[in-house]
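Here are the chains, one letter per residue:
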Amino acid sequence: MERPTSVVEHELELNLVLSPEHSVPVPARLSYGSHDPYAVQITFHLDTGSPVTWVFARELLVEGTFRPCGQGDVRIWPTRSGRRSVLCMALSSPAGDALLEAPLPAVAAWLERAHRLVPPGSEMAALDMDGSLAELLA
């Protein structure tokens, strides 16, 4: 029997930092689902017509709200931009690098909702291992 999937999403506007003095707004959607309890998704709605989605560990995003973390393709750290608390995300791919700033209070509130959906430490219980195994063996 397949378990119902619950998803927590939040639309927000990030800033793509082009230089210390200049950034451009980028609409984005944060998404977390009980079907993939270890991962978060951030989908960027760009002018190209095709959204770009990054998937990485929920724990990385949580830790990044408190201190610098990550290495390689995804690095996250909290900071201040003027009077605002922001979460910086440095993303690297073969297509290029991007530095984005997200409003930290909005990300923290969304993470709180994700933690209510699947509390930290209970991710294994949220996985439908029997259903997945049955699909593989069918």
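Residues numbered from 1 in each chain as written. Predicted model: local features only at pLDDT ≥ 70, side-chain atom pairs only at ≥ 80, totals over all residues. Heavy atoms only, no water.

### Things to note about the overall build of the protein chain
Consideration 1: Scanning the protein chain for helices and strands turns up 4 helices and 8 strands.
Consideration 2: Going from N to C terminus, the protein chain has its helices and strands arranged as β-β-β-β-α-β-β-β-β-α-α-α.
Consideration 3: Within the protein chain, buried positions represent 32% of all 138 residues.
Consideration 4: The long-range share in the protein chain, meaning contacts at least 24 apart out of those at least 6 apart in sequence, stands at 37%.
Consideration 5: In the form shown here, the protein chain has an accessible surface area of approximately 8,500 Å², with 55% of it arising from carbon and sulfur atoms. (Helix = DSSP H or I, 4+ residues; strand = E, 2+ residues; numbered from the N terminus. Buried < 20%, exposed > 50% of the residue type's maximum accessible area, 1.4 Å probe, protein only. Contact = heavy atoms within 4.5 Å. Areas by Shrake-Rupley, 256 points an atom, 1.4 Å probe, with all protein chains shown as cover.)

### Considerations on the nonpolar core
Consideration 1: One finds L14, F44, F56, L61, I76, V107 and W110 to be the most contacted residues of the largest nonpolar core, which totals 29 residues.
Consideration 2: Sort the elements by how many residues they give to this core and helix 2 (residues 104-117) lands first, with 5 residues. (Core = buried A, V, L, I, M, F, W, Y, C linked by side-chain atoms within 4.5 Å.)

### So, the pairing of strand 2 (residues 22-33)
Consideration 1: For strand 1 (residues 7-19) and strand 2, the ladder comprises 12 bridges, and the chain directions are antiparallel. Pairing of L16 across the sheet is with V24, part of strand 2.
Consideration 2: Count of turn residues in the strand 1/strand 2 antiparallel hairpin: 2 residues.
Consideration 3: Joining the antiparallel neighbours strand 2 and strand 3 (residues 39-44) is a turn of 5 residues. (Pairing = 2+ DSSP bridges.)

### Some thoughts on the pattern of salt bridges
Consideration 1: Taken as a whole and judged by the stated rule, the model has 4 salt bridges.
Consideration 2: R67 is paired through a salt bridge with E63; the nearest N and O atoms lie 3.7 Å apart.
Consideration 3: You can call R67 partly exposed: its relative accessible area is 45%.
Consideration 4: A salt bridge links R84 to E101, with the shortest nitrogen-to-oxygen separation between them at 4.0 Å. Of this pair, R84 sits in strand 7 (residues 84-93) while E101 sits in strand 8 (residues 96-103), placing them 17 residues apart in sequence.
Consideration 5: Assessed through its relative accessible area of 17%, E101 is described here as buried. (Salt bridge = Lys/Arg side-chain N within 4 Å of Asp/Glu carboxyl O.)

### Examining the confidence of the model for the protein chain
Consideration 1: Residue-level pLDDT values for the protein chain average 88, and 89% of them are 70 or greater.
Consideration 2: Of all helices and strands in the protein chain, the one with the weakest mean pLDDT is helix 4 (residues 129-137) (65), whereas helix 1 (residues 58-64) scores best (96). (pLDDT = per-residue confidence, 0-100.)

### A look at the environment of R75
Consideration 1: Along the polypeptide, R75 turns up in strand 6 (residues 74-81).
Consideration 2: Separated by 16 residues in sequence, R75 and L91 place their C-alpha atoms 6.7 Å apart.
Consideration 3: Dropping the residues within four chain positions of it, R75 is found in contact with C69, G70, C88, M89 and A90.

### Re the sheet that holds strand 5 (residues 69-71)
Consideration 1: With antiparallel pairing, 8 strands are arranged side by side in an open sheet as 4-3-2-1-8-7-6-5. Looking at which strands have only one partner, the edges of the open sheet turn out to be strand 4 (52-57) and strand 5. Adjacent strand axes in the sheet meet at a mean angle of 35° when their direction is disregarded.
Consideration 2: Direction of pairing for strand 6 relative to strand 7: antiparallel, over a ladder of 8 bridges. By the bridge assignment for strand 7, P78 is matched with L87.
Consideration 3: Sheet strands touched by helix 2: strand 1, strand 2, strand 3, strand 6, strand 7 and strand 8. Its angle to strand 1, the strand with the most contacts, is close to 150°. (Axes fitted to C-alpha atoms, helices over the stretch in contact; angles between N-to-C directions.)

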